[in-house]
Every structure is written in structure tokens, then in C-alpha cells.
Amino acid sequence: MAIIQAVNLKKKFNLEAGFFARFGRFVYAVNDVSFSIEENETYGLVGESGCGKTTTARLLVRMYEPDEGSVLFHDRENVLTLKRKGLRQYREKVKYIFQDPARSLNPRMTVYEVLVSGYRWSSRWPGEQKARAEAASIMEEVGMAPSDLERRPAEFSGGQRQRISIARGLIMQPSLLICDEVVSALDVSIQGQILNLLLDIRGRRNLSFLFIAHDLKVACYFCDRIGVMYRGELMEEASAADLYEKALHPYTKLLFSSVAGKTPAVAQNEMNKEKGFFQSEVKTPVTELAGCAFAERCPLADEGCFSGHPELRILPGEENKKHPHKVRCFKV
Ligand SMILES: Nc1ncnc2c1ncn2[C@@H]1O[C@H](COP(=O)(O)OP(=O)(O)OP(=O)(O)O)[C@@H](O)[C@H]1O
Ligand code: SF4
Ligand SMILES: [Mg+2]
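Now for a description of the structure that goes with this document. (Residues numbered from 1 in each chain as written. Chains lettered and ligands numbered in written order. Predicted model: local features only at pLDDT ≥ 70, side-chain atom pairs only at ≥ 80, totals over all residues. Heavy atoms only, no water.)

1. Focus: the sheet that holds strand E2 (residues 26-38)
Pairing in this open sheet of four strands is antiparallel, and the strands run E2-E1-E4-E5 from one edge to the other. Looking at which strands have only one partner, the edges of the open sheet turn out to be E2 and strand E5 (77-78). Judged from the two bridges that link them, strand E4 (residues 68-73) and E5 form a sheet pairing that is antiparallel. Bridge pairing in E5 links Leu72 to Asn78. (Pairing = 2+ DSSP bridges. Helix = DSSP H or I, 4+ residues; strand = E, 2+ residues; numbered from the N terminus.)

Structure, rendered in C-alpha cells:
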């Protein structure tokens, strides 16, 4: 059963404030995005900076309200209609871990207070004594010492602070953990340790993950299934193994080629030089797109790609699969 389903989510932000807002220039951050995450599944959302990964995740927990679409929890509960108590209970089950642990942990609190500050007001609060025992055990689970509970976040390194964020995410026994670029602010050597910790946690607990990353290879290593996003749209969706072996969308291929020590922009320039293309920045669209969102960067683009908008289509032969390989491209 799907633990969560995003159904045709759309979110645009007004670029102008105040008087200028009336001119209505929008960033189409999330453009008709649908996906589901099964129980115990790890789903990856991957794409370059600004493609709408965080906005999508924030729509799931209603840190932003979508303009259109819905979010279903356990196939039935419409998250968007939840009122205060229901929403609070939902957010106990769906926990969000942020990219930057330095900013998301209150420096004035002790680690214990950080861990229980939300828990204390939840329906599951077991009382101070039991909560302390639970906090100590979760600290050990994330590779920290129970005595660290009395210290403050500033006393720890970036990797240790991310462990504390993970502990805070786990203390209410969530069923879905959203990890938004949890390793990208860390040194490469520390990244591996945090990923291994997440793998351990996944092995021990009945947990689904939404794993957000810009590094496709890291996502392939960690995830069961992956959605590749570009300019607010899903461009390709497949199991991590399928994507790794036979990525089909030109953008996914670009992301793979950029993993080999090059940034997407450098890989793009090399790819485009051969084809006579030059543009290489990602721009989030400020007008609704007529053609393919990737057309300006795509080495295969022709006239039709600038005028027609490709649908996310199931690959022939995959129609009967529960989670078929899907691609949004005229040429595949
Ligand atoms: N609160 C906001 N107000 C206005 N624009 C926003 C807001 N949040 C996001 N955006 C814009 O929406 C687009 C998508 O942003 P988002 O943060 O979702 O991307 P992302 O894929 O998470 O990028 P990154 O990898 O850098 O975290 C960007 O163009 C961003 O500038
Ligand atoms: S539809 Fe055209 S522009 Fe878009 S990815 Fe496919 S070939 Fe490239
Ligand atoms: Mg982000």
C-alpha cells in the first residue's frame, strides 16, 4: 500500500512583492507532479538546484499549500483537508529533516530539549522520565552518547548535528522520513557515514523515506525508486536499478554524465559543444511552458520540442507493472 501519494501537485510563487505583485510574474516551482511512496520504500527526488524538490516535499507536509492537486496518506486521508489536530497527528508520522542542521537546531536548547520540543506537545508524550530514556536510546541509535543530551548543538560538528536532526526526526516513531539534502552540506567523508547511518535505520525500522538529492549516483545507491525533476516537472521515473542501467531521458543522462566529477553545467557545455548548443543554466520557468521544459538545453531538441509539451508516458511493455518506467520525452 502507498504510504503517501502526491497527485497532480502544482505550486507557483509570485516573483513580485507589494504593488508589483499585480503584474503576476510567477515561478512555476512545482508543475503537475504525481508520485507515490510505498510502505518501507525509499523514493528519491533528484535534480539540480531550483528544480522544485524542496517545494514538492514542503507541499507534502503542508509547509506550503498547493495551488492544485492533493496529497493522500495511506490511500485515503486527504492531507490537504486536515484541520489542526489531524494535521498535528499527521506531522508526527511524517518527519522532515532539513539540509542545514546548523540552522534547524535551536542553539539555546540542550540536545534533549531539541529532541523532545515537538514530542512534548504531541498525543504520544510518555512523560519526562520515559521520554528521557527514549531520547538516550535514540542517541545511541544515531551513534551519539546519551550524555550528549545535556550539551548544546553548537558544541558538535556538522555531521554530529545532522545525527541529532535525525534523532529528532525519529523520536516520534514516524512512518515516513523526508530527508532533504541531508548530506549535501557535509564533507564528503562525513556524507558516507550519514548515508550508512540512514541505511542502518532503514534496515532496523519500518520506515518509508523520501530522499532528496542532487547527486543521482548517491540516490541510486540509497533509493528503491527515483523521480528525476527538472523545472518543476518529473522527467523520468523508474526503479533505481533501471535508471542506473538504462536511463532514457536526455536530462537523466546529463545528470549521470555530470556525476563523473563534473558539474551538470560543465557536462552540459561539453555535450552541447558537440551539438552546437550553448545554453547551460537551469532556469525555473516564469511563464507556463509551451514546449518541453528541457528543450533549451537538450542536444536532441527539434522544432516540435519547443512547441509541444511532452507527457510523462509509460514505456511500452511496462503497462502492467505496478511502478512502470516513465519518461517525458518525444524522442524516447
Ligand atoms: N518561498 C518561496 N518564494 C518564492 N520562490 C520560491 C520559494 N521557495 C522556492 N522558490 C523558488 O521555486 C523554485 C524551486 O525551488 P526549490 O527550493 O523547491 O528547489 P530545490 O530543487 O529544492 O533546489 P535546491 O537543490 O537548491 O535546494 C526556485 O526557483 C526557487 O527560487
Ligand atoms: S522532448 Fe525534445 S527537448 Fe524534450 S527531452 Fe525529449 S528530445 Fe529533448
Ligand atoms: Mg532544496
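2. Topic: the packing of aromatic side chains
A full pass over the atoms with the stated rule returns 12 aromatic pairs. Ring centres of Phe26 and Tyr28 lie 6.5 Å apart, and the angle between their planes is 65°; this geometry places the pair in the edge-to-face category. Residue Tyr28 is classed as buried on the basis of its relative accessible area, which comes to 13%. Ring geometry for Phe73 and Tyr90: centres 5.1 Å apart, planes at 85°, overall edge-to-face. Pair noted here: Phe73 is in strand E4 and Tyr90 is in helix H2 (residues 84-93), with a separation of 17 residues, a long-range link. Here Phe73 falls in the buried class, since its relative accessible area comes to 1%. Joined through ring pairs, the aromatic side chains of Phe209, Phe211 and Phe222 make up one cluster. Seen from the ring of Phe26, Lys12 lies directly overhead, with NZ or CZ sitting 4.9 Å from the centre. (Phe/Tyr/Trp six-rings, centres within 6.5 Å; stacked < 30°, edge-to-face > 60°. Buried < 20%, exposed > 50% of the residue type's maximum accessible area, 1.4 Å probe, protein only. Lys NZ or Arg CZ within 6 Å of the ring centre and 35° of its normal.)

3. Section: the nonpolar core
With 63 residues, the main nonpolar core has Leu115, Ile166, Phe211 and Ile226 as its most contacted residues. By size, the runner-up hydrophobic cluster in this structure holds 31 residues, among which are Phe35, Leu82, Val94 and Ile178. (Core = buried A, V, L, I, M, F, W, Y, C linked by side-chain atoms within 4.5 Å.)

4. Digging into the sheet that holds strand E11 (residues 313-314)
Taken together, eight strands build an open sheet; the order of strands is E6-E7-E8-E3-E9-E10-E12-E11 and the sheet is mixed. Looking at the sheet topology across the chains shown, the edges are occupied by strand E6 (94-97) and E11. Direction of pairing for strand E10 (residues 233-239) relative to strand E12 (residues 326-327): antiparallel, over a ladder of two bridges. Of the residues in E12, the one forming a bridge with Glu236 is Val327. Of the strands in this sheet, strand E3 (42-46), strand E7 (176-180) and strand E8 (208-213) are in contact with helix H7 (residues 188-204), which crosses E8 at around 160°. (Contact = heavy atoms within 4.5 Å. Axes fitted to C-alpha atoms, helices over the stretch in contact; angles between N-to-C directions.)

5. Concerning the pattern of salt bridges
Scanning the entire structure with this criterion turns up 16 salt bridges. A salt bridge links Lys326 to Glu237; its shortest N-O distance comes to 3.8 Å. A residue pair is termed long-range when its members are at least 10 positions apart, and Lys326 in strand E12 and Glu237 in strand E10 qualify at 89 residues. A residue is classified by how much of its surface remains accessible, and Lys326, at 23% relative accessible area, is partly exposed. Bridged by salt links that share partners, the residues Glu41, Arg225, Glu237 and Lys326 form one connected network. (Salt bridge = Lys/Arg side-chain N within 4 Å of Asp/Glu carboxyl O.)

6. Some remarks on the site of ligand 1
Around ligand 1, 14 residues are found, and the nearest of them are Ser49, Gly50, Lys53, Thr54 and Thr55. One nitrogen or oxygen atom from the main chain of Cys51 is found 3.2 Å from an oxygen atom belonging to ligand 1. Against a free-state accessible area of 630 Å², the protein chains account for coverage of 66% of ligand 1. The set of elements that each furnish at least two residues to the shell around ligand 1 consists of E2 and helix H1 (53-60). A per-element tally of the shell around ligand 1 places H1 first, with three residues. Tallied by class, residues from the shell around ligand 1 come to five nonpolar, six polar and three charged. (Near = heavy atom within 4 Å. Polar contact = N/O pair within 3.5 Å; in protein donor to acceptor, adjacent residues only side chain to side chain. Areas by Shrake-Rupley, 256 points an atom, 1.4 Å probe, with all protein chains shown as cover. Nonpolar A, V, L, I, M, F, W, Y, C, P; charged D, E, K, R; others polar.)

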